Amino acid sequence: MPSVEPGPKDAARILREADCLHTTAEVEQAINALAASVSQAYGSLNPLLLVVMTGGFVFAGQLLTRLNFPLQVDYLHATRYRSGTQGHEVEWRVHPKIPLEGRHVLVIDDILDEGHTLHAVLGNCRAAGAKSVKTAVLVEKHHDRKFLDIQADFAGLAVADRYVFGYGLDYHEYLRNAPGIYAVVEDEGGTGASSA
Ligand code: IMP
Ligand code: MG
């Protein structure tokens, strides 16, 4: 990690040097496919879609415009503590406002990495009385560190175990607007970032 928090010039350099893993067209194709699967599963269930802020909002926005059936949308903000030694605790900043009791809930997030965040969100939704809870993520990171073998019910694109950004995923809060999925090219000191 750099000793000083990266600024806009660093973000521009990171984007210039990054590896593009999935182009805009590939991401859009993946979202089209996800929308078809979600429509089939939820078309008649009047679901509540819960967007995990901040990373999930770009994917959620694009998915939503492809869903042509009655649904409601709310959001929550849960983020992982990355500085603690445990690294597993999830901090809740905002809870959903719409009651989950008896609802079919689809949680929408940017990425399934180790899965601690989604695990905590799912537990919370069940405790709030949701009738069913499933997850949709744009990106799934491939490695063998998944918490309790958690899997996404709907997943768009697979990426290798690298730090990625774009389509809502950030590099130090920058580059959420990058129009594809990119991987940071590490310099010798390592430039990996972490904020959920
Ligand atoms: P998890 O709890 O390990 O699954 O981490 C989930 C959260 O960490 C995601 O919702 C993201 O916000 C963030 N995250 C994990 N990996 C990356 C990455 O490669 N780039 C950007 N954010 C990431
Ligand atoms: Mg997140």
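Rules and cut-offs
- Residues numbered from 1 in each chain as written.
- Chains lettered and ligands numbered in written order.
- Predicted model: local features only at pLDDT ≥ 70, side-chain atom pairs only at ≥ 80, totals over all residues.
- Heavy atoms only, no water.
- Pairing = 2+ DSSP bridges.
- Helix = DSSP H or I, 4+ residues; strand = E, 2+ residues; numbered from the N terminus.
- Axes fitted to C-alpha atoms, helices over the stretch in contact; angles between N-to-C directions.
- Contact = heavy atoms within 4.5 Å.
- Phe/Tyr/Trp six-rings, centres within 6.5 Å; stacked < 30°, edge-to-face > 60°.
- Buried < 20%, exposed > 50% of the residue type's maximum accessible area, 1.4 Å probe, protein only.
- Core = buried A, V, L, I, M, F, W, Y, C linked by side-chain atoms within 4.5 Å.

*Asks:* Please provide a residue-by-residue account of the sheet that holds strand E6 (residues 132-141), values included.
*Replies:* Read across the sheet, six strands follow the order E4-E3-E2-E5-E6-E7 without closing on themselves; strand pairing throughout is mixed. The two strands at the open ends of the sheet, each matched to only one other strand, are strand E4 (90-94) and strand E7 (154-159). Between one strand and the next, the sheet's axes are offset by a mean angle of 25°, whatever the strand orientation. Along the sheet, helix H3 (residues 57-64) contacts strand E2 (48-53), strand E3 (72-80), strand E5 (104-112) and E6; its crossing angle with E2, the most-contacted strand, is approximately 150°. Here helix H4 (residues 116-127) sits on the sheet and contacts E2, E3, E4, E5 and E6; the angle it forms with E5, its principal contact strand, is near 170°.

*Asks:* Got a sec to walk through the pairing of E3? Specific residues and values, please.
*Replies:* Every other side chain in a regular strand lies on the same face of the sheet, so the side chains alternate between the two faces. Note: E2 against E3, six bridges, orientation parallel. Considered in E3, the bridge of Leu48 is made with Gln72.

*Asks:* Please give an account of the sheet that holds strand E1 (residues 19-22) that cites residues and values.
*Replies:* Ordered by their spatial adjacency, three strands build an open sheet running E1-E9-E8, and the pairing between neighbours is antiparallel. Sheet topology places E1 and strand E8 (164-165) at the edges, where each strand pairs with a single neighbour. As paired strands, E1 and strand E9 (residues 181-183) are joined by three bridges and run antiparallel to one another. Residue pairing in the sheet places His22 in a bridge with Ile181 of E9.

*Asks:* Mind laying out the packing of aromatic side chains, listing which residues take part and the relevant values?
*Replies:* Summed over all chains, the structure comprises two aromatic pairs. For the ring pair Tyr42 and Phe154, a centre distance of 6.3 Å and an interplane angle of 50° mean the geometry is tilted. Taken together, the residues span a long stretch of sequence, with Tyr42 in helix H2 (residues 24-42) and Phe154 in strand E7 at a distance of 112 residues. The exposure classification of Tyr42 matches that of Phe154, with both residues buried.

*Asks:* Hey, could you go over the pairing of E2 for me, with residue numbers and the actual values?
*Replies:* The element E2 is extensively covered by neighbouring structure, given that five of its six residues are classed as buried. Across four bridges, the pairing between E2 and E5 is parallel. Paired with Leu49 across the bridge in E5 is Leu106.

*Asks:* How would you summarise the nonpolar core if you had to cite specific residues and measurements?
*Replies:* Counting residues in hydrophobic clusters, the biggest one holds 28 residues, and the most contacted among them are Phe59, Leu63, Leu106, Leu138 and Ile181. The set of elements that each furnish at least two residues to this core consists of H2, E2, H3, E5, E6, E7 and E9. Sort the elements by how many residues they give to this core and H2 lands first, with seven residues.

*Asks:* Mind laying out the side chain of His143, listing which residues take part and the relevant values?
*Replies:* Within the fold, His143 resides in the loop between E6 and E7. Excluding residues that lie within four positions of it along the chain, His143 makes contacts with Asp113, Glu114 and Asp161.

*Asks:* Please set out unusual backbone geometry residue by residue, giving values where relevant.
*Replies:* Residue Thr54 follows Met53 across a cis peptide bond; omega there is 0°. Its place among the elements puts Thr54 in the loop between E2 and H3. Residue Leu148 is not a glycine yet carries a positive backbone phi of 50°. As for its position among the elements, Leu148 is in the loop between E6 and E7. The exposed category is assigned to Leu148, whose relative accessible area is 63%. Phi angles above zero are rare outside glycine, and Leu175 is one such case at about 65°. Along the polypeptide, Leu175 turns up in the loop between E8 and E9. Relative accessible area serves as the criterion here: at 9%, Leu175 is assigned to the buried category.

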